[in-house]
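Working through the structure, step by step
One letter stands for each residue in the lines below.
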Amino acid sequence: MRLTHLSLTNFRNFGRLDLPVGAGVTLVHGANAQGKTNLLEAIYYLATTRSPYTNQDDQLINWDAGYEGAQVVVGRLVAHVDTADGTRHLELRLIRELKGHKTTFRREALVDRRKVRLLDLLGNLRVVLFVPTDLDLVTGSPASRRRYLDITLCQRNRHYCRTLSQYNKILEQRNALLRQMAEQGTRNNQDVLDLYTQRLVEAAGQIFAIRARLIDTLARDVQRIHYEQLTAGNESLRLLYRPRLAGSDVDETESADWLYNHVDNPTIIAERMQTALADTLSYDIRRGATSIGPHRDDWVFQVNGRSLRHYGSRGQQRSAVLALKLGEIAGIKADTGASPILLLDDVMAELDGTRRQHLITALQQMPQAMITSAETTIFPPDFLAQTEQLAVDGGRVHSVI
Amino acid sequence: MSNVLPKPVLRLINEFGRLPGIGPKTASRLTFYLLRGNDAGLAADLSAALAELSENTQYCTACHNITEQNPCEVCSDTERDQQVICVVEEPLDVVAIERSRMFGGVYHVLHGALSPVEGIGPDDLKIGELIGRVQQGDFREVILATNATLEGDTTASYLQMRLADTAVRVTRLARGLPVGGDIEYTDEVTLGRALEGRRELK
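These numbers come from a predicted model, not from an experiment.

Attention shifts here to the overall build of chain A. Scanning chain A from N- to C-terminus turns up 11 helices and 15 strands. Its C-alpha atoms give chain A a radius of gyration of 23 Å, within 12% of the compact-globule value 21 Å for 401 residues. In terms of its C-alpha atoms, chain A occupies a principal-axis envelope of roughly 70 × 65 × 40 Å. When each of the 401 residues of chain A is scored for burial, the buried share is 55%. Considering only intrachain contacts with a sequence separation of at least 6, the fraction spanning at least 24 residues in chain A is 67%. Just so you have it, chain A exposes about 17800 Å², and 46% of that area is on carbon and sulfur atoms.

The next thing to look at is the side chain of Asp134(A). Within the secondary structure layout, Asp134(A) lies in the loop between β8 (127-130) and α2 (142-156). Residue classification places Asp134(A) among the buried positions, given a relative accessible area of 10%.

This part covers the domain arrangement of chain B. Often the size quoted for an interface is simply the accessible area lost on bringing the parts together. Assigned domains within chain B: domain 1 (7-56) and domain 2 (59-200). For domain 1 of chain B versus domain 2 of chain B, the distance between C-alpha centres works out to 35 Å.

Once that is clear, we can look at the packing of aromatic side chains. Residue and element names in this part refer to chain A. All told, the structure shown has five aromatic pairs over all chains when counted by the stated rule. Between Arg272 and the ring centre of Trp258, over which it is positioned, the NZ or CZ distance is 4.6 Å. The ring of Tyr311 carries the charged tip of Arg306 above its face, separated from the ring centre by 4.5 Å.

The subject of this paragraph is a negative patch on the surface. All names here are of chain B. The grouping of Glu52, Glu55, Glu68 and Glu73 at the surface amounts to a negative patch. Residue position: Glu55 is located in helix α3 (residues 42-55). According to the relative accessible area criterion, Glu55 is exposed, its value standing at 62%.

All names here are of chain B. This structure, assessed with the given rule, holds zero disulfides over all chains. Here Cys63 is not disulfide-linked; the sulfur of Cys72 is the nearest cysteine sulfur, at 3.6 Å. Cys63 gets classed as buried once you look at its relative accessible area, which sits at 2%.

Trans is the common state for peptide bonds, and a negative phi is the common state for residues other than glycine. Of note, the amide linkage connecting Asn70(B) to Pro71(B) takes the cis form, showing an omega dihedral of -5 degrees. Within the secondary structure, Pro71(B) is located in the loop between β2 (66-67) and β3 (84-88). You will see that Arg113(A), though not glycine, has its phi angle at about 65 degrees, which is positive.

A surface patch of nonpolar side chains, amounting to about 280 Å² of accessible area, comprises Leu46(B), Leu50(B) and Leu53(B). Structurally, Leu50(B) is set in helix α3.

A word on the nonpolar core. Residues and elements named next belong to chain A. Ranked by internal contacts, the top residues of the largest apolar core, which has 119 residues, are Leu239, Met273, Phe301, Leu324, Leu363 and Phe379. Sort the elements by how many residues they give to this core and helix α4 (residues 190-230) lands first, with 20 residues. When near neighbours in sequence (up to four residues on either side) are disregarded, Leu239 contacts Ile215, Leu218, Ala219, Val222, Gln223, Trp299, Val300, Phe301 and Leu324. Listed in part, the 42 residues of the second largest apolar core include Leu19, Tyr44, Leu46 and Ile151.

Residues and elements named next belong to chain A. In terms of domains, chain A is made up of domain 1 (1-126 + 338-401) and domain 2 (132-337). Between domain 1 and domain 2, the C-alpha centre-to-centre distance is 28 Å. If you look at the interface, domain 1 gives 28 residues, while domain 2 gives 22 residues. Where domain 1 abuts domain 2, roughly 2300 Å² becomes buried across the two surfaces, and 58% of that area is made up of carbon and sulfur atoms. A per-residue breakdown of the area domain 1 buries against domain 2 is headed by Arg126, Ala338 and Arg355, which together make up 25% of the total. Inspection of the domain 1/domain 2 interface yields two salt bridges.

Rules behind the numbers
Residues numbered from 1 in each chain as written. Chains lettered and ligands numbered in written order. Predicted model: local features only at pLDDT ≥ 70, side-chain atom pairs only at ≥ 80, totals over all residues. Heavy atoms only, no water. Helix = DSSP H or I, 4+ residues; strand = E, 2+ residues; numbered from the N terminus. Rg over C-alpha atoms; globule rule 2.2 N^0.38 Å. Buried < 20%, exposed > 50% of the residue type's maximum accessible area, 1.4 Å probe, protein only. Contact = heavy atoms within 4.5 Å. Areas by Shrake-Rupley, 256 points an atom, 1.4 Å probe, with all protein chains shown as cover. Domains from an automatic or database assignment. Phe/Tyr/Trp six-rings, centres within 6.5 Å; stacked < 30°, edge-to-face > 60°. Lys NZ or Arg CZ within 6 Å of the ring centre and 35° of its normal. Patch = residues over 30% accessible without salt bridge, like charges linked within 9 Å, V, L, I, M, F, W, Y side chains within 5 Å. Salt bridge = Lys/Arg side-chain N within 4 Å of Asp/Glu carboxyl O. Lys, Arg positive; Asp, Glu negative; His and termini not counted. Charge placed at Lys NZ, Arg CZ, Asp CG, Glu CD. Disulfide = S-S within 2.5 Å. Core = buried A, V, L, I, M, F, W, Y, C linked by side-chain atoms within 4.5 Å. Buried area = accessible area lost by both parts, 1.4 Å probe.

Below, the structure is given as structure tokens:
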């Protein structure tokens, strides 16, 4: 799989961009705030339909696009991808419309110029993105770890993606109902709540089971790479799932062990979550939110049996994230037989010499990669000689010879 | 604009603007079209139609569909099977089912579906009316024809629960392959449902 051409219209600070993309490593450089990151974001967005930086997708449309009071403003991302079955034409449209006094936003996806559901765009272009904020994954919030994991797993399993989006819809309805029960009392709403709870745990049983399996697969790749390549057999890293399928009185390690024993039976997992939800009902009504479920999951790293978050050095934490990224690449390769495109956003400057060298070695083995950097001096000359270089300046890209 | 145009013109532009799908530009265009009077009698016909809309329509006390007469044409039609009720979310769903020409029973319009996010609970829909109707009437079957969305499905499950202790048979519309559909291009969920709901042929 190889990206051969990218064109952007009204995306971030690009008014219009037509960019042929070569094989091997492309190095994008330029001063800050010129559009380096936006270029990687565009490729990532076409692959995952999500932005790594924002949940408000209407912000992705160029600020200057359209005139004051324009009825419709369209941002467009188009990629040509060479695959084993020929060239694919992928397109994603961001549409902002003024209807009466309300502004609406919607997205359209096209594969080979035919309209498809957004979900069907996934899997046509596979990427692994590495940004400086990923280095804080270990110490950051559970929400950021879940978001990271979900985007990664969605690229690898479409059924997971669909079930997750269904789960989130049910959860939203259930939480709205819990808030109503806090205001109006439980009498009339109990029956409806039971229905939403039933649907919620059915979807949750699936998600717990798929997540457990996918994390297990990812963990194996990450652990092997960390041990063999990054620490030369000196440290053993473990990536562990911490499912929230019981109340806070139950230890999460215990929940994880139980889950792995029942991973083939989503119905039993759903039943266990249902029991736990019944116990926390009055608490959940007071809070107006569901306190148990995959939306509260977490995952952790351990090095030599100790929590990396609490006891790891900054360097060890960075090695773990590097192993995670390399593990993602290995996983996608194993799943699909084709390498993903590696996108590195200004990460080199954040790494010390040895880790930088590991990443450069990995880069040189990638069939295709795009990296951004404010300066080129941090790269070894022999590496630079192998890269194609692009300069970005105020939303314009030109190649450097 | 507001200083130049006479008040009646502004008022009509404003009223048009309240309709769904109509922005300020379309509202002005419609208003000026009516004002120019190129189409003789259009403005008068339109105002008569609007007046009739509010004066001569009501909700049928049996099925809660919009009607001119009460009970509505369907509910008072003795040719139709008065023992089978088809439950739908909106009046337009009745129109769609009638178009299929496959249903000869009567309807019950809920006027929405359960959705806590929008603050719609059982009391906001014509659900109590449906239960009362089934308990008091002589019915063989209730067909739940709510949408195949999360909200529609939940509403159907809720109705199923509320109707559990009545003697009536409760069914749900089948779902699966669309007519003219290609199995190869059908998504997994729809195909899975189609397999679940397969029918014995012999």
